[in-house]
Amino acid sequence: METKILDGKQTAQELREEMRLEVLRLKEAHNLVPGLAVVLVGEDPASVSYVTGKRKACEKTGIYSREENHPETMQERDLLALIGELNADPSIHGILVQLPLPSHIDEKKVLYAINPDKDVDGFHPFNVGKMMIGEDTFLPCTPHGIQQILVRNGIEIASKHVVIVGRSNIVGKPLAMMLLQKQDNANATVTVCHTRTKDIGHFTTQADIVIAAAGRPNTVTADMISEGAVVVDVGVNRVNDASKPKGYRLVGDTDFNSIMGKAAAITPVPGGVGPMTITMLLHNTIKSAKRFKSI
Ligand code: NAP
């Protein structure tokens, strides 16, 4: 079977172009510029690179981005004061605090301090609750990106059996809730597997769509999927590779090469879910700005 590569870069680019035009329209028709604040505490190289990626994506889309870079030694009370300031700033419609935070700061306290109306990451329990009961809210970016990559590539979700490997609060669990909703682009039957699941292959071989979000290379192999299944690989793992300039390469959670030829479609790593995540952050920022102006 020929396996289609679901090109997340291209899908993300198409969505971002639509968003760029929407931002232009908002500026012209409503004098509204969506604004995103990205807060970074410390200099973790991966976090610095994520924040840079978000800033560049905002610039290209016409979204105002405010970078708040603070030293590792920043005190919790100062970070909470900054969140308060951003909550009150009318030019800011979305606030994102880059995780992880240094260990002396209570992550929960900080995330819960963000005004739920500016919670473009969709991590605030108020928004998680709304998503759970199917109300309109900010959807968390990675699960939303996964849903969109399927929809935009014409892969039907309704009535399909989706098996998700991983139950984290940022990927597995919210994705399961989203795909289960009695709504468009959902209506799936969902199974969630984790480290205490007995025989994961028993479930994944019954899936029309397998989502690998375990954070471990080769968690899903060709013998664990059925012929013609769709595979979404969310994982981003560094494996040592002396032939690469950086000494490592990025791989997902699936055995990509063996799955090629058996699956109907698969997302690559990199270039699959990754570019979609930032794109859905831009989507939420625009959504928030429109809500603030009741557009
Ligand atoms: P996480 O918080 O570490 O959660 C991993 C989940 O997978 C847990 O629920 C864990 O089960 C389960 N798991 C781990 N090993 C397993 C195994 N061998 N068999 C079955 N289940 C297993 O990770 P995460 O934040 O959800 O992220 C998952 C992966 O996606 C990571 O590689 C991460 O880097 C990547 N990611 C990518 C993006 C993107 O934009 N591309 C965004 C977010 C995350 P237990 O609950 O039982 O421990």
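Above this text you will find the structure in question.
Definitions and limits used
- Residues numbered from 1 in each chain as written.
- Predicted model: local features only at pLDDT ≥ 70, side-chain atom pairs only at ≥ 80, totals over all residues.
- Heavy atoms only, no water.
- Near = heavy atom within 4 Å.
- Polar contact = N/O pair within 3.5 Å; in protein donor to acceptor, adjacent residues only side chain to side chain.
- Areas by Shrake-Rupley, 256 points an atom, 1.4 Å probe, with all protein chains shown as cover.
- Nonpolar A, V, L, I, M, F, W, Y, C, P; charged D, E, K, R; others polar.
- Salt bridge = Lys/Arg side-chain N within 4 Å of Asp/Glu carboxyl O.
- Buried < 20%, exposed > 50% of the residue type's maximum accessible area, 1.4 Å probe, protein only.
- Core = buried A, V, L, I, M, F, W, Y, C linked by side-chain atoms within 4.5 Å.
- Helix = DSSP H or I, 4+ residues; strand = E, 2+ residues; numbered from the N terminus.
- Domains from an automatic or database assignment.
- Contact = heavy atoms within 4.5 Å.

Here we take up the site of the ligand. Around the ligand, the surrounding shell holds 20 residues, and the nearest of these are R167, S168, T195, V236 and T277. Measuring from an oxygen atom of the ligand, one finds a side-chain N or O atom of S168 at 2.5 Å. One of the side-chain N or O atoms of T277 is found 2.7 Å from an oxygen atom in the ligand. Contact with the protein chains removes 70% of the 930 Å² of surface that the ligand exposes when unbound. Class assignment for the residues of the shell around the ligand results in eight nonpolar, 10 polar and two charged.

Attention shifts here to the pattern of salt bridges. When the charged atoms of two side chains lie near each other, side chains of opposite charge can form a pair. On inspection of all chains with the given rule, the structure shows 13 salt bridges. A salt bridge links E68 to R66, with the shortest nitrogen-to-oxygen separation between them at 2.9 Å. E68 gets classed as buried once you look at its relative accessible area, which sits at 13%. A residue is classified by how much of its surface remains accessible, and R66, at 18% relative accessible area, is buried.

With that settled, consider the nonpolar core. I146, L150, I211 and V234 are the most contacted members of the largest nonpolar core, which has 45 residues in total. Looking at which element gives the most residues to this core, the answer is helix 10 (residues 273-292), with eight residues. A domain-level breakdown of this core finds at least three residues from each of domain 1 (33-104) and domain 2 (141-274). When sequence neighbours within four positions are dropped, the list of residues in contact with V234 reads T142, I146, V171, I211, A212, A213 and V273.

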